[in-house]
Amino acid sequence: MYKRILLTGAAGMLGTYLRPHLHKRWPLRSMDVKPVEKPMKGEEVVVADVADRPAVFKAVKGCDAVLHFGAISIEGEFDQILQSNILGTYNVFEGARRARAKRVIFASSNHAIGYYPRERKIDSDAQPRPDTYYGVSKAFGEALGSMYWSKYGIEHASLRIGTARPEPVDRRGLSTWQSFPDLLQLICRCLEAQRLGFAVVYGQSNNDRAWWDNSKVAYLGYKPKDNAEKFAEKIWAGTKDDDPNDPAVKFMGGIFCTKNPPKWQG
Ligand SMILES: NC(=O)c1ccc[n+]([C@@H]2O[C@H](COP(=O)([O-])OP(=O)(O)OC[C@H]3O[C@@H](n4cnc5c(N)ncnc54)[C@H](O)[C@@H]3O)[C@@H](O)[C@H]2O)c1
């Protein structure tokens, strides 16, 4: 179905998990600013910064789908976020348009909607309420995806990924967790679905305590198999009682909603 897929952020935590699974299905070109370890047979590797426009345009050439995961993945100084996450995302979308790619799947984040209170149930129509410059950059990517779909017909999914980790590590994660196999399934559904159009999808497993409603994108056929609840006892026992007035507890974005979110050190 695809001649070759470009994966940015290939050396990161999610990229490293995804690479072998994706490459089994479609020839992969893996790009990161860091070296991509142990390329597989037939996998092409590009070491480049997404902020480097000519390098990105060259990397997208010959690819008919793009998974854009390369970014600063926590809060940073605005100028760092501007380069890697905002300019970088523009370069990827514009490169995809020039290369006539059919689909772009963008790793957005729950931090694009971090300031929704936890008692709200929100769905794909929820407008951004970013909690950081990082979250703002993800809202920007979603807006760009919307524009490239409406104007140029490039199908697009923005994945508002919750907490994609081997397992949840805190109480919040019981609501936000997405297992790696469920993330892979979601990406495959976005690439394989007959119609993608423009979709905003929450990257979450089938969690009992979920805050997010994916019913408006049910046509993708994403059916997560994991559930964070299996970790609930262990997590509940291992963590302290939460203060309900703490912004880290009140809002969906957790600690990113405080004045001291975890910061990228470069
Ligand atoms: N893991 C999660 O829970 C989660 C949640 C929400 C969103 N996301 C998003 O998914 C993507 C991957 O996340 P991750 O957890 O693997 O993070 P990660 O930090 O492990 O990986 C990000 C990768 O992007 C690369 N990168 C950063 N700046 C770059 C640049 N300027 N040019 C090229 N490459 C660059 C890094 O070198 C790194 O390998 C990110 O876009 C992140 O924002 C992840």
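Residues numbered from 1 in each chain as written. Predicted model: local features only at pLDDT ≥ 70, side-chain atom pairs only at ≥ 80, totals over all residues.

In this section: helix H2 (residues 53-60). Because each turn of an α-helix spans 3.6 residues, side chains separated by three or four positions in sequence point in the same direction. Looking at H2, one finds that the buried residues are Val56, Ala59 and Val60. Buried residues of H2 fall within an arc of 95° about the axis and therefore sit on the same side. Phi turns positive one or two residues past the end of H2, at glycine 62, with a value near 90°. (Buried ≥ 20, exposed ≤ 12 C-beta atoms within 10 Å, placed from the backbone. Helix = DSSP H or I, 4+ residues; strand = E, 2+ residues; numbered from the N terminus. Arc of directions from axis to C-beta.)

Here cysteine 63 shows up in the loop between H2 and strand E4 (65-68). We classify cysteine 63 as buried; it has 26 C-beta atoms within 10 Å. As a C-alpha pair, cysteine 63 and serine 108 span 45 residues in sequence and 21 Å in three-dimensional space.

Quick look at unusual backbone geometry now. The bulk of non-glycine residues show a negative phi, and the bulk of peptide bonds are trans. Phi at lysine 38 takes a positive value of approximately 45°, unusual for a residue other than glycine. Residue placement: lysine 38 occurs in the loop between strand E2 (28-32) and strand E3 (44-47). If you check the backbone angles, arginine 100 has positive phi at about 60° while not being a glycine. C-beta crowding within 10 Å serves as the criterion here: with 12 such atoms nearby, arginine 100 is assigned to the exposed category.

Here we come to the nonpolar core. Grouped together as the largest cluster of nonpolar side chains are 62 residues, with contacts concentrated most on Leu7, Val66, Ile105 and Val201. Not counting chain neighbours up to four residues away, the residues in contact with valine 66 comprise Leu6, Val60, Val92, Ala96, Ala101 and Val104. (Core = buried A, V, L, I, M, F, W, Y, C linked by C-beta atoms within 7 Å. Contact = placed C-beta atoms within 7 Å.)

This next bit is on the site of the ligand. Around the ligand sit 25 residues in total, of which Gly12, Leu14, Gly70, Ser73 and Ala107 are the nearest. Sorting the residues of the shell around the ligand by element identifies helix H1 (13-25), helix H3 (78-98) and strand E8 (163-164) as the ones contributing at least two each. Element by element, the count of residues in the shell around the ligand is highest for H1, at three residues. Class assignment of the residues belonging to the shell around the ligand gives a composition of twelve nonpolar, nine polar and four charged. (Near = placed C-beta within 6 Å. Nonpolar A, V, L, I, M, F, W, Y, C, P; charged D, E, K, R; others polar.)

Further remarks concern the packing of H3 against helix H4 (residues 133-152). Between H3 and H4, whose axes approach to 10 Å, the crossing angle comes to 15°. As the angle between them shows, H3 and H4 are arranged roughly parallel. Seen from above, H3 lies across H4 with right-handed handedness. Where H3 abuts H4, its residues Phe78, Ile81, Asn85, Ile86, Thr89, Tyr90, Phe93 and Arg97 lie against Tyr133, Tyr134, Ser137, Phe140, Gly141, Leu144, Gly145, Tyr148 and Tyr152. (Axes fitted to C-alpha atoms, helices over the stretch in contact; angles between N-to-C directions. Parallel < 35°, antiparallel > 145°, perpendicular 65-115°, else oblique. Left-handed = near helix turned anticlockwise from the far one by under 90°.)

In any sheet, the strands associate via hydrogen bonds between backbone groups, in a parallel or an antiparallel arrangement. In spatial order, the strands read E3-E2-E1-E4-E5-E7-E10; together these seven strands make up an open sheet with parallel pairing. The sheet is open, and its two borders are formed by E3 and strand E10 (198-203), each paired with just one other strand. Taken pair by pair, the neighbouring strands of this sheet meet at an average axis angle of 15°, ignoring direction. By the bridge criterion, five bridges tie strand E5 (residues 103-107) to strand E7 (residues 155-161) in an arrangement that is parallel. Along E7, the bridge assignment pairs alanine 107 with leucine 159. In the packing of H3 onto the sheet, the strands contacted are strand E1 (5-8), E4 and E5, and the crossing angle to E4 comes to about 170°. (Pairing = 2+ DSSP bridges.)

Purely geometric numbers; function is a separate question.
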